[in-house]
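Summary of structural features
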Amino acid sequence: MAGSGRRPEHRGPPELFYDEAEARKYTHNSRVVEIQAQMSERAVELLGLPEDRPCLLLDVGCGSGLSGDYISEEGHYWIGMDISPAMLDVAVEREVEGDLLLADMGHGIPFRPGMFDGCISISAVQWLCNADKKSHSPPKRLYRFFSTLYTALARGSRAVLQLYPENSEQLELITAQAMRAGFTGGMVVDYPNSAKAKKFFLCLFVGASGTLPKGLGTECADEELHQAKFTNERTRFKNIKGKSVKKSRDWILEKKERRRRQGKEVRADTKYTGRKRRPRF
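Remember, it's a predicted structure, so these values are computed and weren't measured experimentally.

**Notes on the overall build of the chain**
- Along its length, the chain carries 9 helices and 7 strands.
- Across the 281 residues of the chain, 49% fall into the buried class.
- In the chain, the proportion of contacts linking residues at least 24 apart, taken out of those at least 6 apart, comes to 67%.
- Counting every atom, the chain has about 15000 Å² of accessible surface; 49% of that belongs to carbon and sulfur.

Structure, rendered in structure tokens:
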């Protein structure tokens, strides 16, 4: 279940796919570490945690603790669970600050009711859609996961699960089982017009339904859709692999949005935002 920060290739169950060699390979891959940090930051941001106190978070599919590192940096505490012993071994060697548990999330979340102030998961939940054993039923395993997660979370908290759905049917299955378990909320999609930078975050509310956050890179979605009708050019995301190209329109929009959330004055977005000027002679 370990979140590697990249789309996993489903070659057998995760506890076998993420063996010792694979675990060490991606943990020491600077690009994977960077992407993992970005997605962890976004997931924690979507949790909407209070700023005046540290929180206890659950990290499902914690892997070698890369996402936990960000949680610790933000001053929060965390418990991570993963099905891969090799991943957890690397986490122990790295001396992560969170507590670790070897467990299959398809068997449920083994913690007492209302224990956590929030939950994040990076690149893990889609593994539950695979029937790696004859006894595995994806709908049942998903429902078991979501129903016990709902119980383990405090009322009014959130779970933010970044995932890589293989198709729309898989996405619908995951969302349906979450709602069946009692959650409200929905999917937050960052950079929906990008094939590579596009990220899915299932943002779930426990108890009172909140307002679903807006996905990054959606400010210019209407403009992009309009342009797509009249051009065969590839979209401006063509060189992006999980991160906005520095100084690009999306990079600028994302930076401006973060400044707005910090309460700073920012110029309004227009169709000229991020547009390159012609050189003067």
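**Focus on the side chain of R158**
- Among the structural elements, R158 can be located in strand 5 (residues 153-163).
- It is E45 that comes nearest to the buried, bridge-free R158 among opposite-charge side chains, at 9.4 Å.
- From its side chain, R158 meets the backbone oxygen of L46 in a polar contact 2.7 Å long.
- Beyond its immediate chain neighbours, meaning those up to four positions away, R158 contacts L46, L47, G48, D117, G118, C119, L153, C203, L204, F205, T211 and P213.

**Digging into the packing of helix 3 (residues 30-47) against helix 4 (residues 66-73)**
- The N-to-C vectors of helix 3 and helix 4 enclose an angle of 50°; their axes lie 8 Å apart at closest approach. Viewed along their axes, helix 3 and helix 4 adopt a mutual orientation that is oblique. Taken as a pair, helix 3 and helix 4 cross one another with a handedness that is right-handed. Contact residues: V33, Q36, S40, E41 and V44 in helix 3; L66, S67, Y70 and I71 in helix 4.
- Across the contact of helix 3 with helix 4, the residue classes break down as 5 nonpolar, 3 polar and 1 charged.

**Comments concerning the confidence of the model for the chain**
- Chain-level pLDDT for the chain is 82 on average; 77% of the residues reach the 70-or-more range.
- Here residues 1-11 is modelled with pLDDT under 50, and outside its nearest four sequence neighbours on either side it reaches 50 contacts, counting other chains as well.
- Across residues 221-241, where pLDDT falls below 50, the model places 21 contacts with residues more than four positions away in sequence or in other chains.

**A look at the nonpolar core**
- Ranked by size, the top nonpolar core spans 34 residues in total, and within it L58, I109, F145, F146, L149 and L161 carry the most contacts.
- Only strand 1 (56-60), strand 2 (77-82), strand 4 (116-122), helix 6 (138-152), strand 5, helix 7 (168-180) and strand 7 (199-205) provide two or more residues apiece to this core.
- When neighbours within four sequence positions are excluded, F145 is seen to be in contact with V60, M105, I109, V125, L128 and L161.
- Among the nonpolar cores identified, the runner-up in size contains 24 residues, and I35, C62, I71 and V96 belong to it.

Calculation rules
Residues numbered from 1 in each chain as written. Predicted model: local features only at pLDDT ≥ 70, side-chain atom pairs only at ≥ 80, totals over all residues. Heavy atoms only, no water. Helix = DSSP H or I, 4+ residues; strand = E, 2+ residues; numbered from the N terminus. Buried < 20%, exposed > 50% of the residue type's maximum accessible area, 1.4 Å probe, protein only. Contact = heavy atoms within 4.5 Å. Areas by Shrake-Rupley, 256 points an atom, 1.4 Å probe, with all protein chains shown as cover. Lys, Arg positive; Asp, Glu negative; His and termini not counted. Salt bridge = Lys/Arg side-chain N within 4 Å of Asp/Glu carboxyl O. Polar contact = N/O pair within 3.5 Å; in protein donor to acceptor, adjacent residues only side chain to side chain. Axes fitted to C-alpha atoms, helices over the stretch in contact; angles between N-to-C directions. Parallel < 35°, antiparallel > 145°, perpendicular 65-115°, else oblique. Left-handed = near helix turned anticlockwise from the far one by under 90°. Nonpolar A, V, L, I, M, F, W, Y, C, P; charged D, E, K, R; others polar. pLDDT = per-residue confidence, 0-100. Core = buried A, V, L, I, M, F, W, Y, C linked by side-chain atoms within 4.5 Å.

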